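Examination of the molecular architecture
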Amino acid sequence: MAEKNKGGEEVLKVKVLITGASGFIGRFLTEAALGRGYEVWAGVRATSSRAHLPQDRVRCIDLKYGDPPALTAQLAAHVREHGAWQYVIHNAGVTGSVRRKNFALVNAEYTRRLLEALDGAGCRPQKFLLMSSLSSYGGGDEKTFRPIVREDVRHPETAYGESKRLAEDYVERQTAIPWVILCPTGVYGPGERDYRMEIQSIRSGFDFAAGRKPQHLSFIYVKDLAEVAFRALEHPAGRNCRYLVSDGKSCTDTEFARLVQALTGRKHVLRLRLPLWAVYLCCLLSGGVGRLTGRAMTLNTDKYGILKQRNWTCDTEPLHRELGFSPAFDLRRGLEETIRHEF
């Protein structure tokens, strides 16, 4: 697709494929790409809702992850008709599943298949960005509370985190396509479900915290995460490396809850700290209901591995030093915008 500049000359747009474009993070990645003037291809399943995608401004493609030869043929046909994408953001994945094996299939194996199909179809982008997660590292040190750094050994304690670690390994081991990996901490913003539930609970007067000792948390507003993604794609420094992503600050779960209380104007909130054994029991029972109904529940035994960790802080200095990134949203401003849109 081309546009004409002021002199009437045709200028080819930079083409980007964003998988998982209809999801929470994917929608903001799409918005950021359009704002940069990119030609956006949205990787969405035929069964996914496209209500939040500006369909008059994006082109959709349903990638055939389940059939590797068909996926390669699909991408080869795409190259013949439209040319290769300059950038690919692989954001598609699952954060919750009734069957634990789905994490490895969707988050890791589909990543490997997409990389191999891009290479085999002659559709190699200039850079491939994997949207991973801080969960691939597991929790940080709970004695000194030293932030997780990107050189740390990854030891995920959940099936979700292990699937993200494996996906990262697939990206790093291949040599055909330059890559960058982002490992964001807690991502929040309009449209995100888990933090919305927590905010709603506090608005209703109840704050439930996991564990007797406070969790040390870090966050990144979804618009800032999208900014990091495109800086990493466009910047020469963002090549064959990984970045841990947060707004550079940390707070305890109690401080987070009090900030939400202040922003929502709730005068009185009953704060309950559940012992970890009780949290695990809740996760076990909720996960059982999910298996019986076939629905992925917010609380399950895999999610418990995240809830029990006390240190979810990370070092973002490489973001500033190498990409020149500074967040536009601190936690207060991001929550204000989220609450304004959601409530």
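Since we're looking at a predicted model, the values are computed, not measured.

A contiguous nonpolar surface patch, about 540 Å² in accessible area, is contributed by Trp277, Tyr280, Leu281, Leu284 and Leu285. Note on Leu285: relative accessible area 55%, which makes it exposed.

Let's shift gears to the environment of Thr175. Examined against the element boundaries, Thr175 turns out to sit in the loop between α4 (159–173) and β8 (179–184). Taking the relative accessible area as the measure of exposure, Thr175 reaches 78% and is therefore exposed. Along the primary structure Thr175 and Ala117 are separated by 58 residues, whereas in three dimensions their C-alpha atoms are 14 Å apart.

Moving on, we come to the packing of helix α3 (residues 101–120) against α4. Packing of α3 against α4 leaves a shortest axis separation of 8 Å and a crossing angle of 10°. Looking at the two axes, α3 sits roughly parallel to α4. Along its contact with α3, which presents Phe103, Ala104, Asn107, Ala108, Glu109, Thr111, Arg112 and Leu115, the element α4 presents Ala159, Tyr160, Ser163, Lys164, Leu166, Ala167, Tyr170 and Val171. Here the contact of α3 with α4 is built from residues that sort into ten nonpolar, three polar and three charged.

Okay, unusual backbone geometry next. Both trends apply: most residues other than glycine have a negative phi, and most peptide bonds are in trans. You will see that Phe145, though not glycine, has its phi angle at about 60°, which is positive. Checked against the element boundaries, Phe145 lands in the loop between β7 (127–131) and α4. For Asn240, which is not a glycine, the phi torsion comes out positive at approximately 55°. Tracing the sequence through the fold places Asn240 in the loop between α6 (222–234) and β13 (241–245). Classification of Asn240 by relative accessible area gives partly exposed; the value is 40%.

The next subject is the pattern of salt bridges. Tallied over the entire structure, the rule returns 28 salt bridges. With its nearest N and O atoms 3.6 Å apart, the salt bridge here joins Arg150 to Glu151. On the basis of relative accessible area, Arg150 is assigned to the buried category, the value being 19%. For Glu151, a relative accessible area of 61% translates into the label exposed. With a closest N to O distance of 2.5 Å, Arg273 and Asp253 form a salt bridge. Here Arg273 is found in strand β15 (residues 270–274), whereas its partner Asp253 is found in helix α7 (residues 253–264), with 20 residues between them in sequence.

A few words on the side chain of Lys127. With respect to the helices and strands, Lys127 occurs in strand β7. Put simply, Lys127 is tucked away with no salt bridge, and the nearest opposite charge, on Glu234, sits 9.2 Å away. At 3.1 Å, the side chain of Lys127 and the backbone oxygen of His235 are in polar contact. When residues no more than four places from it in sequence are discounted, the contact partners of Lys127 are Gln86, Tyr87, Val88, Pro178, Trp179, Val180, Ala232, Leu233, His235, Gly238 and Arg239.

This part is about the sheet that holds strand β4 (residues 39–43). Read across the open sheet, the seven strands follow the order β5-β4-β3-β6-β7-β8-β13; overall the sheet is parallel. At either end of the open sheet lies a strand with only one pairing partner, and these are β5 (58–61) and β13. The average undirected angle you get between the axes of adjacent strands in this sheet is 20°. Sheet topology note: the β8/β13 ladder contains five bridges and is parallel. The partner of Ile181 across the bridge, within β13, is Arg242. Along the sheet, helix α1 (residues 24–35) contacts β3 (15–19), β4, β5, β6 (87–90) and β7; its crossing angle with β3, the most-contacted strand, is approximately 170°. The sheet contacts of α4 involve β7, β8 and β13, and relative to β8 the element is tilted by about 160°.

A separate point is the layout of surface pockets. If you add up the space inside the second largest pocket, you get close to 170 Å³. Along its surface, the second largest pocket is lined by 14 residues, and Ser97, Val98, Arg291, Asn300 and Thr301 are the ones closest to its centre. Ranked by residues supplied to the lining of the second largest pocket, first place goes to helix α8 (residues 276–293) with four residues. Taken together, the residues of the lining of the second largest pocket break down into four nonpolar, six polar and four charged.

This paragraph deals with α3. Compared with the 28 Å implied by 1.5 Å per residue over 20 residues, the 27 Å span of α3 between its first and last C-alpha is a close match. At Glu109, α3 shows its largest kink, close to 35°. Check the buried side of α3 and you find it contacts β3, α2 (68–82), β6, β7, α4 and α9 (301–307). In the stretch just after α3, Gly122 is the one whose phi turns positive, near 65°.

Take the packing of aromatic side chains next. Across all of its chains, the model carries 14 aromatic pairs by this definition. Taken together, a centroid distance of 6.2 Å and an interplanar angle of 50° make the contact between Tyr195 and Phe256 tilted. Of this pair, Tyr195 sits in helix α5 (residues 194–203) while Phe256 sits in helix α7, and the two are 61 residues apart along the sequence. Geometrically, the ring pair formed by Tyr280 and Tyr304 is edge-to-face, given 5.0 Å between the ring centres and 75° between the ring planes. Here the residue Tyr280 occupies a position in helix α8, and Tyr304 occupies one in helix α9, the gap between them amounting to 24 residues. Ring pairing ties together the aromatic residues Tyr188, Tyr195, Phe219, Tyr221, Phe256 and Phe329, which thus form one cluster. A cation sits over an aromatic face here: Arg333 above Phe329, 4.1 Å from the ring centre.

Rules used throughout
- Residues numbered from 1 in each chain as written.
- Predicted model: local features only at pLDDT ≥ 70, side-chain atom pairs only at ≥ 80, totals over all residues.
- Heavy atoms only, no water.
- Patch = residues over 30% accessible without salt bridge, like charges linked within 9 Å, V, L, I, M, F, W, Y side chains within 5 Å.
- Areas by Shrake-Rupley, 256 points an atom, 1.4 Å probe, with all protein chains shown as cover.
- Salt bridge = Lys/Arg side-chain N within 4 Å of Asp/Glu carboxyl O.
- Buried < 20%, exposed > 50% of the residue type's maximum accessible area, 1.4 Å probe, protein only.
- Helix = DSSP H or I, 4+ residues; strand = E, 2+ residues; numbered from the N terminus.
- Axes fitted to C-alpha atoms, helices over the stretch in contact; angles between N-to-C directions.
- Parallel < 35°, antiparallel > 145°, perpendicular 65-115°, else oblique.
- Contact = heavy atoms within 4.5 Å.
- Nonpolar A, V, L, I, M, F, W, Y, C, P; charged D, E, K, R; others polar.
- Lys, Arg positive; Asp, Glu negative; His and termini not counted.
- Polar contact = N/O pair within 3.5 Å; in protein donor to acceptor, adjacent residues only side chain to side chain.
- Pairing = 2+ DSSP bridges.
- 1 Å grid on protein atoms, 1.4 Å probe; cavity = no way out; pocket = protein on both sides within 12 Å on 5 of 7 lines; lining within 4 Å.
- Points joined across faces, edges and corners; volume = space filled by probe spheres on them.
- Expected span 1.5 Å × (residues − 1).
- Bend = angle between axes of the 7 residues up to and from the residue.
- Phe/Tyr/Trp six-rings, centres within 6.5 Å; stacked < 30°, edge-to-face > 60°.
- Lys NZ or Arg CZ within 6 Å of the ring centre and 35° of its normal.

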